[in-house]
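Analysis of the macromolecular model
Okay, here's what each chain looks like letter by letter:
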Amino acid sequence: MPIATKRELFNLIDSLTKGEKRNFTLFVQRSSKEELPMFNKLFELIDKFPEKEDAWYAQKMNIEAKQNYSNLKRHLYKQIIMSLRILHNTKRANIQVREYIDYAFILYGKGLYPQASKILKLAKREAVKHHLNNSHYTIVEFQKMIESRHITRHGPDQAVELIEESTLIAENLNSTMKASNLRLEIHAYFIKNGHVKNEEESAYFSAQFENAVRELESATGGLNQRVFALQAKVWYFYTLNRFNESYEYANDWVDLFDRFPELIQRDKDLYLRGFHYMLNSAYHLRNVEKHSIVLSRLESYRKMEYKSLNRNSQIVSFLYVHTGRLNNSILKKDVSTGLLNIPKTMRRINKYSSVLDEHRKQVFYFKIAWIYLMADHIKKSISYLNKIVHVHKTTLRSDLKVYAIIMFMMCHYSSKNLSAIEYIIRTFGKDLNDLNRAQSLAIQMFKDIVEAPLLGHRLIFKQALENLARLKNDPYQKLSVNYLDVELWIKSKISNRTIAQLGQ
């Protein structure tokens, strides 16, 4: 099994739970006649000393040739995957069904057609139960092959049933594929372009996808098609800034999983993702009640099921729950709860640092910085903003750096460090070119403040408040105005109170 770097092997071993490591040891003992295979010795070394270089492990193993060491790593990687497959084959229906199909192929190859057919019936039952349409289609095609090549004594009705069944599955698969392609296409548009920013973008986006989204209403596919259709609708309305509708379809998405628990068992991450879009939509709507209710539901599910979640699902649940907690504190202006949650969030970020991309970390840092600014903990806010504004890598959200720069200036103004604001504008000028109207207004406000005497700041703030108020009525600027609440910060400066005090 090919692996690109040693880090892939190390990350795999690091991801194993205690139970999975124990299972690997048992797997080695059952499958190997050697007292202690070389690959198991390497496994134990990496597990105990995960930060060493390849040369160190090779020396400990008395391996001189680099190729021999590389081959050993590949073999170890393969053995770990095999042990995990055996461990999880009874926990994941898709793995078990594929295993049944493999058994049927082996039996068929030995000429044991009745036994192969019996296994296929068992596999089909599980595939239908768990809505595994692709596997279902594979099973039926296998059954058709057996019927067409051998005398099975099932009679002509069996052939007719298989033809009708395969036709229905093919139609469902085609309908599901269209919905799946559409959800991916819309999501890819959002990743590249974000929310629509003006009438022209809205018209273009709607022209691209509206008809396809409407056609989903008349689709006749099964549960998988319905899931993909709801995802497509959520992303369609989410991209259009129509958050009431994206919330409702995300709610339908979660409800569908609740009505069919086998969907949750098959894909817990997708269930969690439905909650995530309910939370995001409620957050953009500034609907504190909805956001709090959904967050409570998500936290209850996570607490109840956490031990049964695999590592990936645990990471996903962390991202959605902790983002939801920070957002909830921001919505409520509940600084005290936000400050209590920050250390918990940072512990998780540090725990999963090796598998979190830089963008996700920066989003957390931005929210944490805003909570610290709300609490008037300016130095701590600046320390987290530094993690964003001084990163030179291109992030998924290029506008995040602009918002961080604006908050950076808010912090320095709160510290009465006006010279730093002038330095920031000059230093990050190249990042402040392609701005939306809300961002431009905030940047211009600080440019005016740098030029004006202290007594003139109040007038500049009042003018900025009037401009921001007008932008809040613009559906394409409202998102930006809400993302970083410059208005609330200005009000705190005018009233000489902290943001936390304004929220009380």
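Keep in mind the model is a prediction, meaning the values are calculated, not measured.

**Regarding the overall build of the protein chain**
When helices and strands are tallied, the protein chain shows 26 helices and zero strands. Principal-axis analysis of the C-alpha atoms gives the protein chain an extent of 95 × 65 × 40 Å. Taking all 504 residues of the protein chain together, the buried fraction comes to 50%. In the protein chain, the share of contacts with a sequence separation of at least 24, taken over all contacts with a separation of at least 6, comes to 66%. In the protein chain, which carries 76 positive and 53 negative side-chain charges, the distance between the mean positions of the two groups comes to 6 Å.

**With respect to unusual backbone geometry**
The backbone of arginine 286 sits at a positive phi, close to 60 degrees, despite the residue not being glycine. Among the secondary structure elements, arginine 286 is positioned in the loop between helix 14 (268–284) and helix 15 (288–305). Residue lysine 333 is not a glycine yet carries a positive backbone phi of 55 degrees. Summarising the element assignment, lysine 333 is placed in the loop between helix 16 (311–332) and helix 17 (335–351).

**Things to note about the environment of serine 15**
Structurally, serine 15 can be placed in helix 1 (residues 6–15). Through-space distance from the C-alpha of serine 15 to that of valine 355 is 9.9 Å; in sequence the pair is 340 residues apart. Serine 15 has contacts with Glu20 and Arg311, leaving out every residue within four places of it along the chain.

**Topic: the packing of aromatic side chains**
Counted by the stated rule, this structure contains 31 aromatic pairs. On the basis of an interplanar angle of 25 degrees and a centroid distance of 4.3 Å, the ring pair of phenylalanine 105 and phenylalanine 142 is categorised as stacked. Pair noted here: phenylalanine 105 is in helix 6 (residues 93–109) and phenylalanine 142 is in helix 8 (residues 133–149), with a separation of 37 residues, a long-range link. The buried category is assigned to phenylalanine 142, whose relative accessible area is 4%. When the ring of tyrosine 271 is compared with that of tyrosine 301, the centres are 5.0 Å apart and the planes differ by 80 degrees; the resulting orientation is edge-to-face. Taken together, the residues tyrosine 271 in helix 14 and tyrosine 301 in helix 15 connect sequence positions 30 residues apart. This pair shows no difference in class: tyrosine 271 is buried, exactly as tyrosine 301 is. Grouped by ring-pair contacts, the aromatic residues Tyr189, Phe205, Phe209, Tyr236, Phe237 and Tyr249 constitute a single cluster. Here the basic side chain of lysine 290 rests over the ring of tyrosine 247, its NZ or CZ set 4.4 Å away from the ring centre. Stacked on the ring of tyrosine 365, the Lys or Arg lysine 387 has its end atom at 5.4 Å from the ring centre.

**Points about the environment of leucine 122**
If you trace the backbone, leucine 122 turns up in helix 7 (residues 113–129). Using a relative accessible area of 27% as the deciding quantity, one classes leucine 122 as partly exposed. Sequence separation between leucine 122 and aspartate 434 is 312 residues, and the spatial gap between their C-alpha atoms is 59 Å.

**Comments concerning the side chain of threonine 323**
Structurally, threonine 323 is set in helix 16. Here leucine 319 takes part through its backbone oxygen, which lies 2.6 Å from a polar atom of the side chain of threonine 323. Look past the residues within four positions of threonine 323 in its chain and what remains in contact with it is Phe318, Phe364 and Lys367.

**Some remarks on the packing of helix 11 (residues 223–239) against helix 14**
For the pair helix 11 and helix 14, the least separation of the axes is 12 Å and the interaxial angle reads 25 degrees. Here helix 14 runs roughly parallel to helix 11, going by the angle between their axes. Once helix 11 is placed against helix 14, the crossing between them reads as left-handed. Only Leu270, Arg273, Tyr277, Asn280, Ser281 and His284 of helix 14 make contact with helix 11, whose side of the interface consists of Val227, Gln231, Val234, Trp235 and Tyr238. Its residues assigned to classes, the contact of helix 11 with helix 14 comprises six nonpolar, four polar and one charged.

**Re the nonpolar core**
Among the nonpolar cores identified, the biggest contains 121 residues, and Met410, Met445, Phe446, Trp489 and Ile490 are the most heavily contacted of them. A total of twelve residues in this core trace back to one element, the largest contributor, which is helix 20 (residues 398–414). Setting aside its immediate chain neighbours within four residues, phenylalanine 446 contacts Ile406, Met409, Met410, Tyr413, Ile421, Ile425 and Trp489.

**Focus: the pattern of salt bridges**
In the structure shown here, the tally under the stated rule is 15 salt bridges. Salt-bridge contacts for glutamate 248 lead to lysine 290; the nearest nitrogen and oxygen are separated by 3.9 Å. Taken together, the residues glutamate 248 in helix 12 (residues 243–259) and lysine 290 in helix 15 connect sequence positions 42 residues apart. A single salt-bridge network, built from bridges that share partners, covers Lys472, Glu487 and Lys491.

**A few points about the packing of helix 21 (residues 418–427) against helix 22 (residues 437–451)**
Running from N to C, helix 21 and helix 22 point in directions that differ by 130 degrees, and their axes come no closer than 10 Å. Looking at the two axes, helix 21 sits oblique to helix 22. Pair helix 21 / helix 22 crosses with left-handed handedness. Counting all contacts with helix 21, which are made through Leu418, Ile421, Glu422 and Ile425, the residues of helix 22 involved are Phe446, Lys447, Ile449 and Val450. Its residues assigned to classes, the contact of helix 21 with helix 22 shows six nonpolar, no polar and two charged.

Rules used in this analysis
- Residues numbered from 1 in each chain as written.
- Predicted model: local features only at pLDDT ≥ 70, side-chain atom pairs only at ≥ 80, totals over all residues.
- Heavy atoms only, no water.
- Helix = DSSP H or I, 4+ residues; strand = E, 2+ residues; numbered from the N terminus.
- Buried < 20%, exposed > 50% of the residue type's maximum accessible area, 1.4 Å probe, protein only.
- Contact = heavy atoms within 4.5 Å.
- Lys, Arg positive; Asp, Glu negative; His and termini not counted.
- Charge placed at Lys NZ, Arg CZ, Asp CG, Glu CD.
- Phe/Tyr/Trp six-rings, centres within 6.5 Å; stacked < 30°, edge-to-face > 60°.
- Lys NZ or Arg CZ within 6 Å of the ring centre and 35° of its normal.
- Polar contact = N/O pair within 3.5 Å; in protein donor to acceptor, adjacent residues only side chain to side chain.
- Axes fitted to C-alpha atoms, helices over the stretch in contact; angles between N-to-C directions.
- Parallel < 35°, antiparallel > 145°, perpendicular 65-115°, else oblique.
- Left-handed = near helix turned anticlockwise from the far one by under 90°.
- Nonpolar A, V, L, I, M, F, W, Y, C, P; charged D, E, K, R; others polar.
- Core = buried A, V, L, I, M, F, W, Y, C linked by side-chain atoms within 4.5 Å.
- Salt bridge = Lys/Arg side-chain N within 4 Å of Asp/Glu carboxyl O.

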